[in-house]
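# Examination of the molecular architecture
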Amino acid sequence: MAPRSSEQNEKIRSNRIEEILNATIEVYLEKGVRATEIGDIAKKAGVARSLVYYYYKDKMELFRDLFTKYIQAAETYIKASLTSEEGTLIKLKKYVRFYLETTQKNPRFMKFYRQMEQDIGYVFEGVSDDVLKSYTLNTRQPLIQLFEQGIQEGTLKESNVRLMVHVYWGALTYSIDMFANGEFTEQEAQQQIDTVIDLIFKGIQNDK
């Protein structure tokens, strides 16, 4: 048998790490970061503890890798979706729809994001202020800028921008929690998503 190429070895490595990270999410949602142990993750992934330790020196390094991956994914999506060439209202409505539809299809994934935001300080102890500042800047600032643009062009009501963003974000995150907790059936979901969008934008959209 011919030896594996470097590309094949890298693919195997990437697949193993992905399996470990996916298992970490499952255990994290069940136990939280403090109670999670490497053994729990290895068992969930169906691999030996030694393999997890081969890639990560300890639990906290694993969690930092996991959180960094999903922080970067969130920042990339938000920047792309809120800075596209579409109109302000279209982008804001699509933003709400994306999060609610994603939650309805994969509630555990969104629960992970919501829980991750609460644990950034613990996982990145020592540099948590910098991580939180960067995450907040990269996920909230594009939203603030879009609201400022909407007010300037007259599609959004004139008001305190940060207050409007907090109202918008608060309504969205509370709705995400409702969808994640399974309060709506699959048949009800689309109608409820339309209702959430209608309720949010009745408060901020300028109809004049």
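Residues numbered from 1 in each chain as written. Predicted model: local features only at pLDDT ≥ 70, side-chain atom pairs only at ≥ 80, totals over all residues. Heavy atoms only, no water.

Let us look at the overall build of the protein chain. Each helix and strand counted, the protein chain has 9 helices and 0 strands in total. Listing the helices and strands of the protein chain from first to last along the sequence gives α-α-α-α-α-α-α-α-α. Projected onto its principal axes, the C-alpha positions of the protein chain cover 70 × 40 × 35 Å. With 208 residues in all, the protein chain has 39% of them scored as buried. (Helix = DSSP H or I, 4+ residues; strand = E, 2+ residues; numbered from the N terminus. Buried < 20%, exposed > 50% of the residue type's maximum accessible area, 1.4 Å probe, protein only.)

This part takes up the pattern of salt bridges. Tallied over the entire structure, the rule returns 12 salt bridges. Between Arg 108 and Glu 26 there is a salt bridge; the shortest N-O distance is 3.0 Å. Taken together, the residues Arg 108 in helix α6 (residues 107-123) and Glu 26 in helix α1 (residues 6-35) connect sequence positions 82 residues apart. For Glu 26, a relative accessible area of 28% gives the class partly exposed. With a closest N to O distance of 2.9 Å, Asp 177 and Arg 114 form a salt bridge. Here the residue Asp 177 occupies a position in helix α8 (residues 161-180), and Arg 114 occupies one in helix α6, the gap between them amounting to 63 residues. Arg 114 sits in the partly exposed class, given a relative accessible area of 24%. One connected set of salt bridges, linked through shared partners, spans Arg 97, Glu 101 and Asp 194. (Salt bridge = Lys/Arg side-chain N within 4 Å of Asp/Glu carboxyl O.)

Glancing now at the layout of surface pockets. Considered as a void within the structure, the largest pocket measures approximately 240 Å³ in volume. Listing elements by their share of the lining of the largest pocket, those giving two or more residues are α4 (59-82), α5 (88-105), α6, α7 (128-153) and α8. Looking at which element gives the most residues to the lining of the largest pocket, the answer is α6, with 5 residues. Each residue belonging to the lining of the largest pocket can be placed in one class, and the counts come to 12 nonpolar, 3 polar and 3 charged. (1 Å grid on protein atoms, 1.4 Å probe; cavity = no way out; pocket = protein on both sides within 12 Å on 5 of 7 lines; lining within 4 Å. Points joined across faces, edges and corners; volume = space filled by probe spheres on them. Nonpolar A, V, L, I, M, F, W, Y, C, P; charged D, E, K, R; others polar.)

So, on to the packing of aromatic side chains. Tallying each qualifying case throughout the model produces 22 aromatic pairs. Aromatic side chains Tyr 77 and Tyr 99 sit 6.1 Å apart centroid to centroid with 80 degrees between the ring planes, which places their arrangement in the edge-to-face category. Here the residue Tyr 77 occupies a position in helix α4, and Tyr 99 occupies one in helix α5, the gap between them amounting to 22 residues. Taken together, the aromatic side chains of Tyr 77, Tyr 95, Phe 98, Tyr 99, Phe 147, Tyr 168, Trp 169 and Phe 201 make up a single cluster linked through ring pairs. One cation-aromatic arrangement involves Arg 34 over Tyr 122; the distance from NZ or CZ to the ring centre is 4.0 Å. (Phe/Tyr/Trp six-rings, centres within 6.5 Å; stacked < 30°, edge-to-face > 60°. Lys NZ or Arg CZ within 6 Å of the ring centre and 35° of its normal.)

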